[in-house]
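# A look at the structure
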Amino acid sequence: MPEKIQAVKGMNDILPPDSARWEWFEETVRALMRRYGYQNIRVPIVEPTPLFVRSLGEVTDIVEKEMYSWTDAMNGDALTLRPEGTAGVVRAAVEHSMLYDGGKRLYYMGPMFRHERPQRGRYRQFHQVGVEALGYAGPDVDAEVILMCRSLWRDLGLNDVRLELNCLGQAAERRAHREALVAHFEAHREVLDAEAQRRLHSNPLRILDTKNPAMQALVEAAPRLMDYLGDASLKHFEGLCGALEAAGQPFRVNHRLVRGMDYYSLTVFEWTTDRLGAQGTVCGGGRYDGLIELVGGKPAPGIGWGLGIERVLDLLQQSGTAPPPPVPDAYAVVPDEAALPVAVQVSEALRTAGVAVLMHAGGGSMKSQFKRADASGARWALVFGANELAQGLVAVKPLRDATASQVTRPLAEAAAWAAELLHR
Ligand code: ATP
Ligand code: MG
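All of these numbers come straight from a predicted model, not from anything done at the bench.

## A look at the sheet that holds strand β1 (residues 39-40)
- Sheet architecture is open: 8 strands sit in the order β1-β5-β6-β11-β10-β9-β7-β8, paired in mixed fashion. Each edge of the open sheet is held by one strand with a lone partner, namely β1 and β8 (252-253).
- Where strand β6 (residues 125-134) lies against strand β11 (residues 302-308), 7 bridges are found, and the strand directions are antiparallel. Of the residues in β11, the one forming a bridge with E132 is G304.
- Where helix α5 (residues 139-156) meets the sheet, its contacts fall on β5 (104-113), β6, β7 (162-167), β9 (265-272), β10 (281-287) and β11, and the angle it forms with β11 comes to roughly 20 degrees.

This is how it looks when you write it as structure tokens:
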């Protein structure tokens, strides 16, 4: 026997009945996007490597160690499987001059790839929903994208996801803060771990993000970026906080929230939960007013977020709020092959009328067919028995409702009684 081939580590198959929860989630997201006026955008999964290096920043976890990158054997192009969605969407917006007539509100869903250590909530192929609002500078749009998430949690029936916010200001403000930060860390070099030592001069802001318990006190005492912000940045942040308060959305200002990509400015935020263990961030995002220009476009502001679908579905499973997988309305039992053409025809007529009909396939005894009918979850069995057929009828037998009784219905007029199968 040939050896079995298995899926790549950290990359999961999504099988029924689990896939039904994915579909339900995706439909919930699409309905949300319609309500907020966000349009779908679909960009390639493979992009030129420099796109990510330039937009995420060279000294970031993703670019340093998480990207699936290779050289195209045919032409030597440096290519990468997208580790996140924003860079590709911004590239497409620039490439197609999408902002020539004003801002654009966009969303995407799809797989992302990062070479991380697989564990609960952390995979090598995972899936994100993301939104990008391009061309809008005001804090009202920051509030809009954040409140979209709240709306989504409500639609999904999730209630213990909390919002954390920070303001990263502008580049000049971050530079002034950075000097103070480096001085603070240099004065306590002995406390820094190897990673922090390495980042001290390349990306000291990221040290604030450390999970090392030995460094927590040092990081808590570090100078706060908020204290280096000028009036415009503070006004933007206050505008956002005011809009969230007016909308009744609680939040916590987390001065250590810096996020993993270099492209952020002003607003950054995360939605987190305690119910997923170490991988508690379900959604993260922020403003990236310099990114469009960095990717070669005319300067324009932008803000967006990315949400980890696996983590949200894990949360949903725990809260038990996702609807059960859909079941067929009716299961067609065909005791004799001779009845097949009629059974096919009636099933088709019922499906045209909106009824979900699962046809028995593969023959077998009545008993075994009824077993399948039961297992399918269908509410009705359509029994195409010889006696009924001879009278131009089909037997409609309730499978779930003990108080209902079996009836017969005319084969030729399926459209007329189809609706009976849709309601209990
Ligand atoms: P983390 O700190 O957990 O690594 P991150 O800051 O790297 O997250 P982002 O790049 O902000 O994550 O991506 C947005 C969301 O995508 C995360 O909040 C998370 O829900 C999800 N996500 C990120 N990486 C993974 C992964 N490897 N597997 C599953 N979901 C992920
Ligand atoms: Mg990460």
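So, next bit.
## Some thoughts on the site of ligand 1
- As a structural note, the neighbourhood of ligand 1 is formed by 15 residues, with R114, E116, R122, Y123 and R259 the closest of them.
- Contacts to ligand 1 include G308, whose backbone N or O atom sits 3.3 Å from an oxygen atom.
- Relative to its unbound accessible area of 580 Å², ligand 1 is 88% covered by the protein chains.
- The set of elements that each furnish at least two residues to the shell around ligand 1 consists of β6, β10 and β11.

## Quick notes on the side chain of R174
- One can find R174 in helix α6 (residues 171-186).
- The buried charged residue R174 lacks any salt bridge partner; its closest oppositely charged side chain belongs to E173, at an N-O distance of 6.6 Å.
- Separated by 3.0 Å, the side chain of R174 and the backbone oxygen of G169 make a polar contact.
- With sequence-adjacent residues up to four places away left out, R174 is seen in contact with L168, G169, L205, L225, Y264 and S265.

About the cut-offs
Residues numbered from 1 in each chain as written. Chains lettered and ligands numbered in written order. Predicted model: local features only at pLDDT ≥ 70, side-chain atom pairs only at ≥ 80, totals over all residues. Heavy atoms only, no water. Pairing = 2+ DSSP bridges. Helix = DSSP H or I, 4+ residues; strand = E, 2+ residues; numbered from the N terminus. Contact = heavy atoms within 4.5 Å. Axes fitted to C-alpha atoms, helices over the stretch in contact; angles between N-to-C directions. Near = heavy atom within 4 Å. Polar contact = N/O pair within 3.5 Å; in protein donor to acceptor, adjacent residues only side chain to side chain. Areas by Shrake-Rupley, 256 points an atom, 1.4 Å probe, with all protein chains shown as cover. Buried < 20%, exposed > 50% of the residue type's maximum accessible area, 1.4 Å probe, protein only. Lys, Arg positive; Asp, Glu negative; His and termini not counted. Salt bridge = Lys/Arg side-chain N within 4 Å of Asp/Glu carboxyl O.

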